[in-house]
Structure formats: C-alpha cells, structure tokens
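Each chain, written out:
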Amino acid sequence: MTNNQQSNKTSAGTNAAKVKQQNAASASNKFGTEFASKTDVQAVKQQNAQAEAKKIKTLGNNKEKF
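Predicted, not measured: the structure shown is a model, and the values here were computed from it.

Things to note about the overall build of the protein chain
Then, in step 1: Secondary structure assignment for the protein chain yields four helices and zero strands.
Then, in step 2: Each helix and strand of the protein chain, ordered N terminal to C terminal, gives the series α-α-α-α.
Then, in step 3: Counting every position in the protein chain, which comprises 66 residues, the buried fraction comes to 2%.
Then, in step 4: Looking at the protein chain as shown, the accessible area adds up to about 6100 Å², and 53% of this sits on carbon and sulfur atoms.

See the structure below:
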C-alpha cells in the first residue's frame, strides 16, 4: 500500500475522508445555504454601489493633492 492509502491523505496533506464528508453534507444542504436565503440582494447591491462611489471620490481627492 502507498502512504496515501494508509493515512487517507493526499500528497498535499488533504484529508480525503473529511472532504468526502463535507461534500456529502453540502449535497444534503446541511450547511452553507441558510446564509444565501437570508441575504437581501438589493441591500447588498446598494451597499456595494455606495462603497464604489466612496472609493472613486476618495481616489479623485487623492489625485488632486499630487
């Protein structure tokens, strides 16, 4: 047997059994999806637009100083 088969880890050190377990849990919606269902997409888009506008304004002010 190779070392990978004995320890159930890949050559990079990933625990294959744990990854399989996480994938199975994800497939059965045990974690991860509850956040997406509670997200207010419109509010996030608005916040992103405001942050982008603020960033552009800040960059514009910094260029004037040089």
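Side note on the environment of Thr 14
Then, in step 1: Summarising the element assignment, Thr 14 is placed in the loop between helix 1 (3-7) and helix 2 (16-27).
Then, in step 2: According to the relative accessible area criterion, Thr 14 is partly exposed, its value standing at 36%.

Reading the values: the criteria
- Chains are numbered independently. Their residues run from 1 in the order of the written sequence.
- Only residues with pLDDT of 70 or above have their local features reported here, since the model is predicted, and side-chain atom pairs are shown and tallied only from 80 upward, although totals for entire chains, interfaces and linings are computed over all residues.
- Based on all heavy atoms of the structure, the side-chain values leave hydrogens and waters out of the count.
- Starting at the N terminus, helices and strands are each numbered in turn, a helix being any DSSP run of H or I of at least four residues and a strand any DSSP run of E of at least two.
- Burial status follows relative accessibility: with a 1.4 Å probe on protein chains alone, a residue under 20% of its type maximum counts as buried, one over 50% as exposed, and anything between as partly exposed.
- Method for areas: the Shrake-Rupley scheme with a 1.4 Å probe, in which residue coverage is limited to the protein chains shown.

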